[in-house]
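# Summary of structural features
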Amino acid sequence: MGSHFSGQKIPGLGWGTGSSFGTMLSVCEARRLISLCLDSGLVIFDTGPSYSGGKSEQLLGRCL
């Protein structure tokens, strides 16, 4: 299932990066997991300034 936004279908599944990005994963591991997600069609990543003190957003941005 998914939702529609601006005429585009948005997947109903995403990945929350709060507990893993910025503290548990290296840049290399994060890139590998993001690539797996994107290759599988997962394009929604939940992150924010409070996740790992902002490190989650920085790591996600760096990898993308």
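Details of the structure are given in the entry above.
Note that the coordinates shown come from a computational prediction; the quantities given were computed from them, not determined experimentally. (Residues numbered from 1 in each chain as written. Predicted model: local features only at pLDDT ≥ 70, side-chain atom pairs only at ≥ 80, totals over all residues. Heavy atoms only, no water.)

## Quick notes on the overall build of the protein chain
Helix and strand counts for the protein chain come out as 2 helices and 4 strands. Secondary structure elements of the protein chain, listed N to C terminal, follow the sequence β-β-β-α-β-α. Every one of the 64 residues in the protein chain was classed for burial, and the buried ones make up 23%. Counting only contacts in the protein chain whose residues sit at least 6 apart along the sequence, the fraction spanning at least 24 positions is 63%. Surface exposure of the protein chain reaches about 4,400 Å², of which carbon and sulfur atoms provide 56%. (Helix = DSSP H or I, 4+ residues; strand = E, 2+ residues; numbered from the N terminus. Buried < 20%, exposed > 50% of the residue type's maximum accessible area, 1.4 Å probe, protein only. Contact = heavy atoms within 4.5 Å. Areas by Shrake-Rupley, 256 points an atom, 1.4 Å probe, with all protein chains shown as cover.)

## Digging into the nonpolar core
Residues Trp-15, Phe-21, Ala-30, Ile-34, Cys-37, Leu-42, Phe-45, Leu-59, Leu-60 and Cys-63 constitute the largest nonpolar core, which totals 10 residues. In this view, Ala-30 contacts Phe-21, Leu-25, Leu-59 and Cys-63; residues no more than four positions away in its chain are not counted. (Core = buried A, V, L, I, M, F, W, Y, C linked by side-chain atoms within 4.5 Å.)

## Digging into the environment of Gly-54
Of note, Gly-54 is situated in the loop between strand S4 (45-46) and helix H2 (55-63). With relative accessibility at 9%, the residue Gly-54 sits in the buried group. Along the sequence, Gly-54 and Gly-22 sit 32 residues apart, while their C-alpha atoms lie 7.9 Å from each other.

## Remarks on unusual backbone geometry
Backbone geometry places Ser-52, a non-glycine residue, at a positive phi of 55°. For Ser-52, the location among the structural elements is in the loop between S4 and H2.

## Remarks on the packing of helix H1 (residues 27-39) against H2
At a minimum axis distance of 10 Å, the contact between H1 and H2 shows a crossing angle of 65°. As the angle between them shows, H1 and H2 are arranged roughly perpendicular. Relative to H2, the crossing made by H1 is right-handed. Touching Val-27, Ala-30, Arg-31 and Ile-34 of H1 are Leu-59, Leu-60, Arg-62 and Cys-63, all from H2. By residue class, the composition of the contact of H1 with H2 is 6 nonpolar, no polar and 2 charged. (Axes fitted to C-alpha atoms, helices over the stretch in contact; angles between N-to-C directions. Parallel < 35°, antiparallel > 145°, perpendicular 65-115°, else oblique. Left-handed = near helix turned anticlockwise from the far one by under 90°. Nonpolar A, V, L, I, M, F, W, Y, C, P; charged D, E, K, R; others polar.)

## Some thoughts on H2
For H2, the set of buried residues is Ser-56, Leu-59, Leu-60 and Cys-63. Taken down its axis, H2 places every buried residue within 100° of arc, on the same side. In H2, the exposed positions that point more than 90 degrees away from the buried face belong to Gln-58 and Arg-62. (Arc of directions from axis to C-beta.)

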